Amino acid sequence: MKRTVCLGTVAAISLTAGQAMADAHAGSTLAEVQERGTLLCGVSTGLVGFASPNASGEWEGFDVAVCRAVAAAVFGDPTAVEFVPTTTQTRFTVLASGEVDMLARNTTWTFSRDVDLQQEFVGINYYDGQGFMVPADLGVASALELDGARVCIQTGTTTELNLADFFSVNNMSYEPVPVETNAEAQQQYLAGACDVYTTDASALAATRATFEDPGAHVVLPEIISKEPLGPLVRHGDHAWGDIVRWTLNALISAEELGITSANVTELAEAPTDNPEINRLLGTEGEYGAMLGLSQTWAVDVIAAVGNYGEVFETNIGEATPIGLSRGLNALWTDGGLLYSPPFR
Amino acid sequence: MATITDPPSETFRLSQLVYDTRYRSLTIQVVAFFLIIGGLAWLYQNTVQNLADLGRTFDIGFLWERSGYDISQRLVEYSNDSTHARAALVGILNTLLVAVLGCITATVIGVIAGVLRLSNNWIVARLMAVYVEAFRNIPLLLWILLIFAIFSEGLPRPRDFIPDAGTGVASASKLFEAVAFTNQGTFIPRPVFAEGAWLFWVALAVAIGAIWALRRFARKRQEATGQIIPTALPSLAIFVGAILAAYLLISAQSRDNELAFIALGAEDGQSLAEYSEAAGRLDFCRIRGSGGSFSAQTHLESADIPHRAVEYFGTRDAAADFVRGRCVLYAVDAEDAPALAATLAEDIRGEETVAILSTTVAEGPAIQADLPTITGIRLTPITGGMVVRNALIALWFALSLYTGAFIAEIVRAGIMSVSRGQSEAAASLGLRPGRIMSLVV
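Residues numbered from 1 in each chain as written. Chains lettered and ligands numbered in written order. Predicted model: local features only at pLDDT ≥ 70, side-chain atom pairs only at ≥ 80, totals over all residues. Heavy atoms only, no water.

A.B. asks: I'm lost on the packing of helix α4 (residues 62-75) of chain A against helix α10 (residues 238-257) of chain A in this one. Help?
C.D. replies: In a packed pair of helices, the relevant descriptors are the angle between the two axes and the axis-to-axis distance. Residues and elements named next belong to chain A. Taken N-terminus to C-terminus, the directions of α4 and α10 make an angle of 115°; their axes are 10 Å apart at the nearest point. As judged from the angle between their axes, α4 and α10 are roughly perpendicular. Of the two elements, α4 crosses α10, and the hand of that crossing is right-handed. On α10, the residues that touch Ala69, Val70, Ala73 and Val74 of α4 are Trp240, Ile243, Val244, Thr247 and Leu251. Of the residues that constitute the contact of α4 with α10, the class distribution is eight nonpolar, one polar and no charged. (Axes fitted to C-alpha atoms, helices over the stretch in contact; angles between N-to-C directions. Helix = DSSP H or I, 4+ residues; strand = E, 2+ residues; numbered from the N terminus. Parallel < 35°, antiparallel > 145°, perpendicular 65-115°, else oblique. Left-handed = near helix turned anticlockwise from the far one by under 90°. Contact = heavy atoms within 4.5 Å. Nonpolar A, V, L, I, M, F, W, Y, C, P; charged D, E, K, R; others polar.)

A.B. asks: Is there a simple way to explain the pattern of salt bridges in this structure?
C.D. replies: Between side chains of opposite charge, a pair can form as their charged atoms come close. This structure, assessed with the given rule, holds 21 salt bridges over all chains. A salt bridge links Asp101 of chain A to Arg36 of chain A; its shortest N-O distance comes to 2.8 Å. Of this pair, Asp101 of chain A sits in the loop between α5 (91-96) and β5 (102-103) while Arg36 of chain A is found in helix α3 (residues 29-36), placing the two residues 65 residues apart along the sequence. By relative accessible area, Asp101 of chain A is classed as buried at 1%. Here Arg245 of chain A and Asp242 of chain A are joined by a salt bridge, their closest N and O atoms 2.9 Å apart. Taken together, the residues Arg245 of chain A and Asp242 of chain A, both in helix α10 and three residues apart, mark about one turn of the helix. On the basis of relative accessible area, Arg245 of chain A is assigned to the partly exposed category, the value being 22%. Each of the salt bridges in this network shares a partner with another, and the network as a whole consists of Arg117, Glu133, Arg136, Glu409 and Arg412 of chain B. (Salt bridge = Lys/Arg side-chain N within 4 Å of Asp/Glu carboxyl O. Buried < 20%, exposed > 50% of the residue type's maximum accessible area, 1.4 Å probe, protein only.)

A.B. asks: Hey, could you run me through the nonpolar core in this one?
C.D. replies: Buried together is how nonpolar side chains tend to be arranged in soluble globular proteins. Core analysis: the biggest nonpolar cluster contains 62 residues, and Leu39, Met102, Trp240, Leu281 and Trp297 of chain A have the highest contact counts within it. In contact with Trp297 of chain A, not counting residues within four places along its chain, are Ala73, Trp246, Thr247, Ala250, Tyr287, Gly288, Leu291 and Phe343 of chain A. Within the second largest apolar cluster, 35 residues are counted, among which are Leu259, Ala296, Leu344 and Leu357 of chain B. (Core = buried A, V, L, I, M, F, W, Y, C linked by side-chain atoms within 4.5 Å.)

A.B. asks: Teacher, can you tell me more about the sheet that holds strand β8 (residues 354-362) of chain B here?
C.D. replies: To summarise the sheet geometry, strands pair through backbone hydrogen bonds and adopt either a parallel or an antiparallel arrangement. Residues and elements named next belong to chain B. The five strands lie next to each other as β6-β5-β7-β4-β8, forming an open sheet whose pairing is mixed. At either margin of the open sheet sits one strand with a lone partner, and together these are β6 (307-312) and β8. If you compare each strand with its neighbour and ignore which way they point, the axes differ by 35° on average. As judged from the five bridges shared by strand β4 (residues 258-264) and strand β7 (residues 329-333), these two strands associate in the antiparallel manner. Note that in β7 the partner of Ile262 across the bridge is Tyr330. (Pairing = 2+ DSSP bridges.)

A.B. asks: What exactly am I supposed to notice about the sheet that holds strand β12 (residues 386-388) of chain B here?
C.D. replies: Residues and elements named next belong to chain B. Ordered by their spatial adjacency, three strands build an open sheet running β1-β2-β12, and the pairing between neighbours is antiparallel. Bordering the open sheet on either side are β1 (180-182) and β12, each of which pairs with just one other strand. For this sheet, the mean angle separating the axes of adjacent strands, direction not counted, is 20°. Bridge count between β1 and strand β2 (residues 185-188): three bridges; the pairing is antiparallel. By the bridge assignment, Phe181 is partnered in β2 with Thr186.

A.B. asks: Could you clarify how one ought to interpret the pairing of strand β8 (residues 130-135) of chain A in this entry?
C.D. replies: Residues and elements named next belong to chain A. Across the six residues that make up β8, a large majority, six, are buried. Across the two faces of β8 the burial is the same, with Gln130, Phe132 and Val134 and Gly131, Met133 and Pro135 all buried. Across four bridges, the pairing between β8 and strand β11 (residues 196-200) is antiparallel. Pairing of Gly131 across the sheet is with Thr199, part of β11. Sheet analysis places β8 next to strand β12 (residues 217-219), joined by three bridges and oriented antiparallel. By the bridge assignment for β12, Met133 is matched with Val219.

A.B. asks: What am I meant to see in the state of the cysteines here?
C.D. replies: Defined simply, a disulfide is a covalent bond joining two cysteines at their sulfur atoms. Residues and elements named next belong to chain A. As enumerated under the stated definition, the model contains three disulfides over all chains in all. At a sulfur-sulfur separation of 2.1 Å, the disulfide partner of Cys152 is Cys194. Around the S-S axis, the bridge from Cys152 to Cys194 shows a dihedral of about -100° and counts as left-handed. Note that Cys152 is positioned in strand β9 (residues 149-154) and Cys194 in the loop between α8 (182-191) and β11, a separation of 42 residues in sequence. A relative accessible area of 0% means that Cys152 is categorised as buried. (Disulfide = S-S within 2.5 Å.)

A.B. asks: Which parts of the structure should I look at to understand the pairing of strand β9 (residues 367-370) of chain B?
C.D. replies: The side chains of a regular strand alternate, first on one face of the sheet and then on the other. Residues and elements named next belong to chain B. Because side chains alternate across β9, one face comprises the buried residues Gln368 and Asp370, and the other comprises Ile367 and Ala369, none of which is buried. Bridge count between strand β3 (residues 190-193) and β9: four bridges; the pairing is antiparallel. In the sheet register, Val192 faces β9, and the bridge partner there is Gln368.

Read these as spatial facts, not as claims about activity.
Pasting the structure below:
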């Protein structure tokens, strides 16, 4: 955490020129994006299900859908996005220097990132926790049996610090094998250069899904931390932050209100009996104009990527190879934690 | 009558700073110095100003905060409770380690390759040319990645060293029962020294001094009389003799030297076995490179006492963790034990007692080899010895091979700069090729 701060500071120094340019445009990220015609969205370097290029080179995934939703809100066109792959080390610098307009890169919302690094987390799109994955033939059933293990860990992440805490609290020793990206971790882990891979449980599931034999690896039951993941923007431009925040909220509200990509056009044609649906879809009030967007921004978003539930199911849900259940990420009405403030 | 004219008086004029060669170089240096200082000040000022614009201060205070992360490759004590500054120190020392190792091997490789490239044997000379050209012209980073990939993908996993339950045969085995090459690193024996190991350094210094004197004498003699005195074998004899003498001298002391165990939460007069039964698995404070610590741990193993070794770089770090209860069993010279136990007991804040167990162990000979052993546990299949991590090996090899190629060219240039006539002259005097190389070239 502190290390990221320090790295960020160093990088900030070297990027002061870029920063100065970004500052000149501060307060008008939306205008800048509209002028450019595309949204620059920072994503991970490749994590199947969350953000990865498919066979035809198009980015797809759970985080990518957030980028596409914002592009749809701004331009009405979900393809007007340029994806910028970022590593765990570079992500904050890339955002702070203005190289991207927003990050949707399974990034944990923490105090120091929000306050000290001056980022603005606009919400949470995935409630996650840190887990451990081990080869099944290692014969380990609990994380508390990992004394002496060699652990692959991505540097500059909250998981790196959680890992150190977990082992020292439980009076166990381990040897860190630092890796830069998920792909490198996967290579090291499969070669057996580390016995354990630890990162967010969702990323573990996504990584395991890409293995030749996923059944030969188990994710241990212990979840050792809270990892609320969400999209973030730079401090300072609140209008832009609002756009990203309410795009995410629109996805969640749409699921709650039963709006899907299939019925959204129909519902938006004329005012319905439910005033909240009308406000969201622009058939009542001037909510789009308040954001500086078109009246049908939310319709474009939902028509493009679907509601939160659809995004979840198509990318990482139980029907996909990643096979994550909704769990904490179910709507609050279904016993989960997802809860959007009302559109009013 | 002679008129004495005064020499022209040496008045200093400002223009001399530029036009007088005696002062000019000084002037240039002073100006350059001020420019550099000015440049640095401008950079600093710029940094502070830009950071201030971002709402930050130029502050290195974070260096003294707790780091929270771990580092596996370290030469000094470090844990996630240490500061960022300590982490930086660990990094600097690791860099120095690679630099020193790399310098040595690169020089050796470079000299050999440089000499061989001039060999009369066509194949050898061509092979070296291929080596030099290939390594000089491919980026260093690629070599590092390639060597690292070969090590992590090509070598067996530590788990493969465990014999199969059914057949009793392991799919990988140690080289000479001492070195295990794995994809997690290479496990090599670690020499551990008994108390008084400084005698080895004395012996080493004496041996080097004696060898130097011998060679000097031989050279003087050769220059005076032309007689050649063999120096290689006597040098070796002096070296081995001195080390052997030190070994015997220390061993005489340490072999029967008794070590006592200081244990946390034990009762006085308890034996090790009784304490172990009461306390369960013991965290043993192991001092890296200490023969006594090694003997004590060997004793724990042979007595089948469940334990785990927690390694420390020095006795002070071990004592500090003992007080905090991170390790509970500490082996120390029986004579010093009561005093140390008393100090430790004082430092402990809680109710825990500190007692000296009745079991003792002999410290053992001056040097012992801590060999990597196969445990049969899947998570930690190989314990003991010392791990040279693949990252270090990859960096070290790549740097050595890459820099070695450049050194080879320098050596070749050096040899070729000696005119051919000189080596021919030496040959005509009847000197053998080896002597021509060492005496003339």
